[in-house]
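As a plain string of letters, each chain reads:
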Amino acid sequence: MRELHELSALEQAQAIRDQEISPVELTQHYLDRIERIDPRVGAYVTVTAERALEQARRLTKKLPDGPLAGVPIPIKDLNLVKDVPIMFGSSTYRGFVAPVDDTVVERLRDAGTVMLGKTATPEFGLPCYTETYLSPPARSPWDLSTSAGGSSGGAAAAVAAGLAPAAQGSDGAGSIRIPASVCGLFGIKPTRGRISFAPIIPDLAGLSTNGPLARTVADAAALLDVMAHNSPGDLYLAPPHEGTFLECATREPGRLRIARYARPVVPGADVAPEVLAAYEAAAATLAALGHEVVEIDPPFGAETVPEFTVMWFAFACMHPVADDQVELLRPLTRWLRERGFATSAPAFLQAQGALQLATRAGLAVTNAYDAVLTPTVTMPPRPVGWFEDVDDVEETFERMKRFAAFPAIYNVSGQPAVNLPLHWTADGLPIGVMLAGRLGGEGTLISLSAQVESARGAFWGDRRPPVW
């Protein structure tokens, strides 16, 4: 007999439809695990136990159609849930309660999922590690001395620790794929414009998008089906997808042409031997499955790095902070905002224009392939505190850039990208690899990932972290 949290999200939903378990029983199971395990993991910043049980009781009486009805799905603390505190990872928002739901939250609720609570995120989602003044660090369940990554670090930690079957996250520079890599999960950054941020959060340059984190490809695909939508006023619309993404997880991808490269364009970034081993093993797996794997030069050059940095500085200023609250910000956030406020409008527009030019050139290369394989991050999971264990915040930022040297470019281009958890070190630490696709090509990435998952076994070899 498997325990409830050992079932996939889709298996849980089927058990609810078959009346083998109830939404209340499943919800209470996760709430009990959160109470017992999360103090060590740091996945949740807010647990909404009574709200979750009330949702589950309503679903017991009337369960909607859909593949995930009755299944608990937590929400990242960068997304608004009406009447629930949202702090954006910052002490400056302590006590603030969301006035409305994000439309993606509405979609999840209408699909019959249960919100267990809000998962931890770093301040304003800016760092690639989840350490704040609000709650304990989000830790990878595979080794509690290591970081769960960021900015969807709490979401990834929750899923990997069995504190949720799957989770909603968001990704502006790798914030789904980085935590998925260090927590041993499958995560999808969808095509730009696939999921709306309405009604309040703006699209702007289109760097960020919502997306799913899960243990299996099918669970992530089903969650993407629920989350995908557009709202009036969205600046970007993804190419339409026919059918469901879940169907793609059961479909053979055919023989694909897959490019690969492992040379980071961030100055000073080196790919660790264990990461290269994961990358080479992934390429060998893809070739063994019959795909053509082609070595290419990086399609996006080093000139994109300073331009992206200019935009990151500016976006650090998006959340209003009262003058008497600035001292409550973490040092890295203050440093980023100082540079953002010093960036002129022409400099911002020139950076965005330069990145669009680079995207046009890069897509001319990547569009010749069905997918592009790279490492997800350049190093194995980092110890908690490692990014800030330096003399100044500028070096913290440089460590972030060197660690996350691969994923951000696909936020710039808008292409979909996924993390596949294919490799574990001798010490039992997960190392993911990344596959990016054509614009609108999530279906191909999901079919390919499901094929690889099948070749490697359920949950990538039935691995479980020690806290499981």
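Here goes a summary of the coordinates provided.

Thresholds applied
- Residues numbered from 1 in each chain as written.
- Predicted model: local features only at pLDDT ≥ 70, side-chain atom pairs only at ≥ 80, totals over all residues.
- Heavy atoms only, no water.
- Helix = DSSP H or I, 4+ residues; strand = E, 2+ residues; numbered from the N terminus.
- Rg over C-alpha atoms; globule rule 2.2 N^0.38 Å.
- Buried < 20%, exposed > 50% of the residue type's maximum accessible area, 1.4 Å probe, protein only.
- Contact = heavy atoms within 4.5 Å.
- Salt bridge = Lys/Arg side-chain N within 4 Å of Asp/Glu carboxyl O.
- Phe/Tyr/Trp six-rings, centres within 6.5 Å; stacked < 30°, edge-to-face > 60°.
- Lys NZ or Arg CZ within 6 Å of the ring centre and 35° of its normal.
- Patch = residues over 30% accessible without salt bridge, like charges linked within 9 Å, V, L, I, M, F, W, Y side chains within 5 Å.
- Areas by Shrake-Rupley, 256 points an atom, 1.4 Å probe, with all protein chains shown as cover.
- Lys, Arg positive; Asp, Glu negative; His and termini not counted.
- Charge placed at Lys NZ, Arg CZ, Asp CG, Glu CD.

## Quick look at the overall build of the chain
Line of reasoning, step 1. Secondary structure summary: the chain contains 16 helices and 11 strands in total.
Line of reasoning, step 2. Scaling as 2.2 N^0.38, a compact globule of 468 residues should have a C-alpha radius of gyration of about 23 Å, and the chain matches this with 20 Å.
Line of reasoning, step 3. C-alpha atoms of the chain, sized along the principal axes, occupy 60 × 55 × 45 Å.
Line of reasoning, step 4. Residues classed as buried in the chain amount to 63% of the 468 residues present.
Line of reasoning, step 5. Long-range contacts, defined as pairs at least 24 residues apart, comprise 79% of the intrachain contacts of the chain with a sequence gap of at least 6.

## Details of the pattern of salt bridges
Line of reasoning, step 1. Per the counting criterion, the structure on display carries 17 salt bridges.
Line of reasoning, step 2. Notably, a salt bridge pairs glutamate 11 with arginine 2, separated by 3.3 Å at the nearest N-O pair.
Line of reasoning, step 3. Classification of glutamate 11 as partly exposed rests on a relative accessible area of 34%.
Line of reasoning, step 4. Here aspartate 83 ties to lysine 82 by a salt bridge, and the two come within 3.5 Å at their closest N and O atoms.
Line of reasoning, step 5. Through salt bridges with shared partners, a single ionic network connects Glu54, Arg57 and Arg58.

## Brief notes about the environment of serine 8
Line of reasoning, step 1. Considering the arrangement of structural elements, one finds serine 8 in the segment before helix 1 (9-17).
Line of reasoning, step 2. Along the backbone, serine 8 and glutamate 50 are 42 residues apart, and their C-alpha atoms lie at a distance of 24 Å.
Line of reasoning, step 3. Every residue in contact with serine 8, bar those within four places of it in the chain, is listed here: Arg215, Thr216 and Asp219.

## What to know about the packing of aromatic side chains
Line of reasoning, step 1. By the definition in use, this model includes 14 aromatic pairs.
Line of reasoning, step 2. With a centroid separation of 5.0 Å and an interplanar angle of 75°, the aromatic rings of phenylalanine 88 and tyrosine 93 are classed as edge-to-face.
Line of reasoning, step 3. On the basis of an interplanar angle of 35° and a centroid distance of 5.7 Å, the ring pair of phenylalanine 313 and phenylalanine 397 is categorised as tilted. Taken together, the residues phenylalanine 313 in helix 10 (residues 304-315) and phenylalanine 397 in helix 13 (residues 393-403) connect sequence positions 84 residues apart. Accessibility assignment for this pair places phenylalanine 313 and phenylalanine 397 in one class, buried.
Line of reasoning, step 4. Clustering of aromatic rings is evident, with ring pairs tying together Phe88, Tyr93, Phe96 and Phe124.
Line of reasoning, step 5. Here the guanidinium or amino end of arginine 330 rests over the ring plane of tyrosine 133, the centre of that ring lying 4.7 Å away.

## Structural notes on a negative patch on the surface
Line of reasoning, step 1. On the surface, a cluster of negative charge is contributed by Asp389, Asp391, Asp392 and Glu394.
Line of reasoning, step 2. Positionally, glutamate 394 belongs in helix 13.
Line of reasoning, step 3. Residue class for glutamate 394 comes out partly exposed when judged on its relative accessible area of 44%.

## Some points on unusual backbone geometry
Line of reasoning, step 1. With omega at 5°, the peptide bond leading from glycine 150 into serine 151 counts as cis.
Line of reasoning, step 2. Note on placement: serine 151 falls in the loop between strand 3 (117-119) and helix 5 (153-160).
Line of reasoning, step 3. Cis geometry is found at the peptide bond from alanine 198 to proline 199, where omega equals 5°.
Line of reasoning, step 4. Turning to its location among the elements, proline 199 is positioned in the loop between strand 5 (186-189) and strand 6 (209-214).
Line of reasoning, step 5. At glutamine 19, a position not held by glycine, the phi torsion is positive, near 60°.
Line of reasoning, step 6. Counting through the fold element by element, glutamine 19 comes out in the loop between helix 1 and helix 2 (23-41).
Line of reasoning, step 7. Not every positive phi belongs to a glycine, and phenylalanine 88 is a case in point at roughly 55°.

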